[in-house]
Amino acid sequence: MRIYRTEIGWELGGVHGGRIPVPPQISGRLTNREDLYEYLAGLEGDAAPHSGERAPLAPIEEQEVWAAGVTYFRSRTARMAESEAAGGMSFYDRVYTAARPELFFKSTPHRTVGPGAPVRIRRDSKWNVPEPELTLLVSPNAKILGYTIGNDMSSRDIEGENPLYLPQAKVYDGSCALGPGILVVNEPLPSKTAIGIEIRRAGSIAFSDGTTLEAMKRDPAELVEYLFRENSFPNGCFLLTGTGIVPPHQFTLASGDEISITIDGIGTLTNPVA
Ligand code: DO4
Ligand code: MG
């Protein structure tokens, strides 16, 4: 089941070939319900679909957004190269093989954009990339409720200069995109699930690549378990699970580019670069 946040509230997709409205919640929030799957399944028979579809907004309510890093070999290798002078040959390799994953704070609702809204590049950075990442919707009790697409926009020159600059490379206005909707399922995604990205510039494809969840070194459940150690999330949270796609060293995003990220079963998230 897929749910979408729109200007008039949440909608449940794929019902009789359309979308139906999800009733307003007593708590005011839908996406931190521990019983989200069962609740939505109970709505499916109920209503007739809307005519026409409203544009989806970022599918976030009051959650914090966190991210995991160096969960794919490709990310480890790219990071080791970009931070060689700062000693990255050692710490990125070590975190890739350590039991404890890299987890960092990524975004808040006001810094997060939805489909069609511009993501930003920092004005004080010269080397910027999108990071297409499977993103988990996690309940207050640490249950994985669903999946969406995340873009962990990153300033690679700032991050590569010194690991202590990571929050500046990762957290700024418009540095995170989520959407288009949330796939709510009660089982893990298949390991063959494909993740793809296309970056268009002036009508041509400037970069495209793909990977699958099979290439991810960590299990999503393991990342959630570490995130919730000694940390509580009364509104639940989103957790980006790391990138397995890194553009080549000479590539940087430019204003006017358009980024499209597709994950099997979830959809496509498209954002222009401001
Ligand atoms: O340590 C740097 C961040 C890693 C990251 O964001 C990723 O691997 O996706
Ligand atoms: Mg990332």
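As a reminder, the structure under discussion sits directly above these lines.
Basis of the calculations
Residues numbered from 1 in each chain as written. Chains lettered and ligands numbered in written order. Predicted model: local features only at pLDDT ≥ 70, side-chain atom pairs only at ≥ 80, totals over all residues. Heavy atoms only, no water. Phe/Tyr/Trp six-rings, centres within 6.5 Å; stacked < 30°, edge-to-face > 60°. Helix = DSSP H or I, 4+ residues; strand = E, 2+ residues; numbered from the N terminus. Buried < 20%, exposed > 50% of the residue type's maximum accessible area, 1.4 Å probe, protein only. Lys NZ or Arg CZ within 6 Å of the ring centre and 35° of its normal.

(A) Fine view of the packing of aromatic side chains. One pass over the structure, following the stated rule, counts six aromatic pairs. Judged by centre distance (6.1 Å) and plane angle (90°), the ring pair of W66 and F233 falls under edge-to-face. One end of the pair, W66, is in strand 4 (residues 64-69); the other, F233, is in the loop between helix 6 (220-227) and strand 14 (237-240), with 167 residues separating them in the sequence. By the burial criterion, W66 is buried, and F233 matches it. Ring plane angle 70° and centroid distance 5.8 Å describe the contact between F73 and Y96, whose orientation is recorded as edge-to-face. Placement of F73 in helix 2 (residues 73-82) and of Y96 in helix 3 (residues 88-97) is noted, with a sequence separation of 23 residues between them. By relative accessible area, which is 48% here, F73 ends up partly exposed. A relative accessible area of 12% places Y96 in the buried class. Ring pairs connect the aromatic residues W66, F105, F228 and F233, which therefore count as one cluster. Seen from the ring of Y39, R33 lies directly overhead, with NZ or CZ sitting 3.8 Å from the centre.

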